[in-house]
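The lines below spell out each chain.
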Amino acid sequence: MSEARCRPGCGACCIAPAIVQSFFGMPDGKPAGVACIHLNASLGCDLFDDPRRPRCCVQFKPHPEVCGDGREQAMVLLMQLDADSQPEYES
Ligand code: SF4
Ligand code: SF4
């Protein structure tokens, strides 16, 4: 499989999915659809080389199935992935 590259000026994966764990600057984690406090004006990560960057961000790698063909598609794909990964509760 060819290696996917992160698209400059995207930042979709720093907005669409929730981060459920507490991390530096966002002690309650990050809700889905909310921009991370560390996402800068260039849609890059201000914590990129910082050890306080959440582990889930370090482990996340670009992949065509989540990055899509553009930022808008990535937002849709990642929001869907986030919704699909929520636990189901019986009413
Ligand atoms: S969604 Fe993909 S292309 Fe966009 S910022 Fe994240 S890793 Fe990069
Ligand atoms: S810490 Fe950086 S990589 Fe992680 S969600 Fe925030 S801006 Fe994105």
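Look up: the structure comes first, before these words.
Computed from a predicted structure; not experimentally measured.

Quick notes on the site of ligand 1
Inference 1: Near ligand 1 the following residues occur: C6, R7, C10, G11, A12, C13, F60, P62, C67 and L78.
Inference 2: Considered class by class, the residues forming the shell around ligand 1 number eight nonpolar, one polar and one charged.

A closer look at the nonpolar core
Inference 1: Judged by nonpolar contacts, C10, A12, A16, V66, C67, A74 and L78 together constitute the single largest core of seven residues.
Inference 2: Of all elements in the fold, only helix 2 (64-67) and helix 3 (71-84) reach the threshold of two or more residues within this core.
Inference 3: In this structure V66 touches F60, A74, L77, L78 and L81, once residues within four positions along its chain are discounted.

So, the environment of C67
Inference 1: Along the chain, the position of C67 falls in helix 2.
Inference 2: For C67, a relative accessible area of 17% gives the class buried.
Inference 3: Separated by 63 residues in the primary sequence, C67 and A4 place their C-alpha atoms 8.8 Å from one another.
Inference 4: Ignoring sequence-local partners within four residues, the contact set of C67 consists of R7, P62 and A74.

Remarks on the packing of aromatic side chains
Inference 1: In the structure shown here, the tally under the stated rule is zero aromatic pairs.
Inference 2: In this arrangement the basic side chain of R52 is found over the ring face of F24, its NZ or CZ atom lying 4.0 Å from the centre.

Cut-offs applied
- Residues numbered from 1 in each chain as written.
- Chains lettered and ligands numbered in written order.
- Predicted model: local features only at pLDDT ≥ 70, side-chain atom pairs only at ≥ 80, totals over all residues.
- Heavy atoms only, no water.
- Near = heavy atom within 4 Å.
- Nonpolar A, V, L, I, M, F, W, Y, C, P; charged D, E, K, R; others polar.
- Core = buried A, V, L, I, M, F, W, Y, C linked by side-chain atoms within 4.5 Å.
- Buried < 20%, exposed > 50% of the residue type's maximum accessible area, 1.4 Å probe, protein only.
- Helix = DSSP H or I, 4+ residues; strand = E, 2+ residues; numbered from the N terminus.
- Contact = heavy atoms within 4.5 Å.
- Phe/Tyr/Trp six-rings, centres within 6.5 Å; stacked < 30°, edge-to-face > 60°.
- Lys NZ or Arg CZ within 6 Å of the ring centre and 35° of its normal.

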